[in-house]
Amino acid sequence: MNLAERHVVVMGLGRFGGGLGVTQWLLEQGAQVLLTDLLQEKELLPQLEQLGTHENLRFIFGEHREIDFEQADIVVANPAVRMPWENPYLCAAWNANVQVTTEIQLLLDRVDRKKVIGVTGSAGKSTTASMIHAALQASGKQSVLGGNIGGSMLQMLDQITDDTIVVLELSSAMLWWLGNVQGKEWSPHVGVLTNVSPNHLDWHGSMKSYETCKENIFTFQEDEDFEIRGDSVAPICEELFILGEHNKQNAAIALKAALAMGGDAQQAMNAIAEFRGLPHRLERIAENIYNDSKSTTPEACVLAVDSFDDPSKIHIIVGGYDKKIDLSLIAQQANRVAGLYAIGQTAESIIDDAKRANALNCRSLDVAVCEAKERMMDGDVLLLSPGCASLDQFDNYEQRGEAFCSFALG
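All values reported here derive from a predicted model rather than from experimental measurement. (Residues numbered from 1 in each chain as written. Predicted model: local features only at pLDDT ≥ 70, side-chain atom pairs only at ≥ 80, totals over all residues. Heavy atoms only, no water.)

Thoughts on helix α9 (residues 207-219)
Working step 1: With 13 residues, α9 extends 17 Å between its outermost C-alpha atoms, agreeing within 8% with the 18 Å of an ideal straight helix rising 1.5 Å per residue.
Working step 2: Taken residue by residue, α9 has Ser209, Tyr210, Cys213, Lys214, Asn216, Ile217 and Phe218 as its buried positions.
Working step 3: In this structure, the buried side of α9 is in contact with β6 (116-120), α6 (125-138), α7 (172-180), β9 (190-193), α8 (201-204) and β10 (226-229). (Helix = DSSP H or I, 4+ residues; strand = E, 2+ residues; numbered from the N terminus. Expected span 1.5 Å × (residues − 1). Buried < 20%, exposed > 50% of the residue type's maximum accessible area, 1.4 Å probe, protein only. Contact = heavy atoms within 4.5 Å.)

Observations concerning the sheet that holds strand β14 (residues 339-343)
Working step 1: Taken in spatial order, the six strands of this open sheet run β11-β12-β16-β13-β14-β15, and their pairing is mixed. For this open sheet the edge positions go to β11 (283-286) and β15 (359-363), each flanked by a neighbour on one side alone. Across this sheet, the average inter-strand angle for adjacent strands is 25°, counted without regard to direction.
Working step 2: Inspection of the sheet shows strand β13 (residues 314-318) paired to strand β16 (residues 381-384) by four bridges, in the parallel sense. Among the inter-strand pairings, Ile314 is bridged to a residue of β16, identified as Val381. (Pairing = 2+ DSSP bridges. Axes fitted to C-alpha atoms, helices over the stretch in contact; angles between N-to-C directions.)

Here's the deal with the packing of aromatic side chains
Working step 1: On inspection of all chains with the given rule, the structure shows eight aromatic pairs.
Working step 2: When the centroid spacing of 5.4 Å and the interplanar angle of 15° are considered together, the rings of Phe59 and Phe61 count as stacked.
Working step 3: The class for Phe59 is partly exposed, based on a relative accessible area of 32%.
Working step 4: Taking 5.8 Å as the distance between ring centres and 75° as the angle between the ring planes, the aromatic pair formed by Trp85 and Trp203 counts as edge-to-face. Placement of Trp85 in the loop between β4 (74-77) and α4 (88-95) and of Trp203 in helix α8 is noted, with a sequence separation of 118 residues between them.
Working step 5: Cation over ring: Arg276 sits above Phe241, and NZ or CZ is 3.8 Å from the ring centre. (Phe/Tyr/Trp six-rings, centres within 6.5 Å; stacked < 30°, edge-to-face > 60°. Lys NZ or Arg CZ within 6 Å of the ring centre and 35° of its normal.)

Focus on the nonpolar core
Working step 1: If you look at the biggest cluster of nonpolar residues, it comprises 39 residues, and the most contacted ones within it are Leu26, Leu168 and Leu170.
Working step 2: The element that contributes the greatest number of residues to this core is helix α1 (residues 18-28), accounting for five residues.
Working step 3: For Leu168, the contacting residues outside a window of four places in its chain are Ile104, Leu107, Leu108, Val116, Ile117, Gly118, Val119, Gly146, Gly147 and Met153.
Working step 4: Core analysis: the next-biggest nonpolar cluster, separate from the first, contains 31 residues, Ile242, Ala251, Ala257 and Ala273 among them. (Core = buried A, V, L, I, M, F, W, Y, C linked by side-chain atoms within 4.5 Å.)

Topic: the environment of Gln159
Working step 1: As for its position among the elements, Gln159 is in the loop between β7 (143-147) and β8 (165-169).
Working step 2: Taking relative accessible area as the criterion, Gln159 reaches 46% and is therefore assigned partly exposed.
Working step 3: Sequence spacing of Gln159 and Ser295 is 136 residues, and the spatial spacing of their C-alpha atoms is 32 Å.
Working step 4: Apart from the residues lying within four places of it in its own chain, the contact partners of Gln159 are Gln142 and Thr164.

Some points on the pairing of strand β2 (residues 32-37)
Working step 1: Across the six residues of β2, five count as buried, placing the element largely inside the fold.
Working step 2: Looking at chain direction, strand β1 (residues 7-11) and β2 are connected through five bridges and run parallel. Bridge assignment links His7 to a residue of β2, and that residue is Gln32.
Working step 3: Between β2 and its parallel partner strand β3 (residues 57-61), the chain crosses via helix α2 (residues 45-51), and the hand of that crossover is right-handed. (Right-handed = clockwise from strand over helix to strand, strands pointing away.)

Side note on the sheet that holds β8
Working step 1: Pairing is parallel across the open sheet formed by five strands, whose spatial order is β7-β8-β6-β9-β10. Looking at strand neighbours, the two that pair on one side only are β7 and β10, the edges of this open sheet. When strand polarity is set aside, the average angle formed by the axes of neighbouring strands in this sheet is 15°.
Working step 2: In terms of strand pairing, β6 meets β8 through four bridges, oriented parallel. Across the sheet, residue Ile117 finds its bridge partner in β8, namely Val167.
Working step 3: On top of the sheet, α6 reaches β6, β7, β8 and β9; it is set at about 165° to β8, its chief contact.

Describing a negative patch on the surface
Working step 1: A contiguous patch of negative charge on the surface is contributed by Asp326, Glu348, Asp352 and Asp353.
Working step 2: When you line up the elements, Glu348 lands in helix α14 (residues 347-354). (Patch = residues over 30% accessible without salt bridge, like charges linked within 9 Å, V, L, I, M, F, W, Y side chains within 5 Å. Areas by Shrake-Rupley, 256 points an atom, 1.4 Å probe, with all protein chains shown as cover. Salt bridge = Lys/Arg side-chain N within 4 Å of Asp/Glu carboxyl O. Lys, Arg positive; Asp, Glu negative; His and termini not counted. Charge placed at Lys NZ, Arg CZ, Asp CG, Glu CD.)

Structural notes on the pairing of β8
When a strand is regular, its side chains alternate between the sheet's two faces.
Working step 1: Judged by how many residues are buried, β8 sits mostly within the fold: five of five residues are covered.
Working step 2: Alternating positions in β8 separate into two faces, Ile165, Val167 and Glu169 on one and Val166 and Leu168 on the other, with burial throughout.
Working step 3: With five bridges joining them, β7 and β8 adopt parallel strand pairing. Bridge pairing in β8 links Gly146 to Leu168.

This is the structure:
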């Protein structure tokens, strides 16, 4: 597709890098870009400073306008837009026969599907994708890592050769688009599904829709492709650098995916065993203090508690943005831990469900850290593993994790 002089509407700059990356890339291709975002300009200043100015770039802040979507040649939607099939602006574009795509689709249109490993799941997909990438590199394979893990790979296209293996973390929203965009149906050569549990029901509208999107990782595969499901892979017995029995499962999945792409078994296993983990994922920031801000599902919260030998020593901070899912698993952790401290929109419901004296509604993260540290005894652990998204009080889980580190170490 020649994008020179095409009129492209980018729907949502966002704060995660995808909107920024696709806008920069479109301008490099010679497109005329209209960037439209519901946020006000002042709320996007860091991203706008990175983007800079360009003669082919225009902005609309604080609103979307249907006429812009109807008159575009191409619309690039942000996957964060909930239930896009009901969105009036996207529907206006579709009704006007305008091509609607996403940053990840633009990338995959330009990458050989046979060189792609796609990783999705309700929990563990970032760690698993990163392990796969490390395993391939240790095996002497040229590998790049991207997708939902952050940023855009479009500007890396000139570095992706015929020998490059592309490892992509794919969200359920990304997979909805990959299975529903104007007849384009795509699944990777190696598809990985770590697990599925209720999540993002505010985006999908139902658990059935969420599960269908996760299954899109396999739906359009061909006979010679690889389907790897977490529940069909036995955990690795070897000791890993990172905590958690669940990470032994992630490691086994990663090894199988790397071998499917020709990785060396011993070199791949060594790299996985030595993998140091990712920021905000059971990250040890000081003695007995752990930042697991990436924990955005109740199941992830439980896995974090299970990673420690003695849960009764844990003081855990939970709660956050309400994704309309069952949080009873989080509340039940109050029966196992020394203290449970709830924050954000879901704090009240978690505490009401817990019904225990060691469960406190702290509302904010700074108060939760303070309360927990006052109650901690020698040998106790302070753990942030919210089990909820961060968007009620923070821009993203990274900001929440950084705030926790500041409060906990301050």
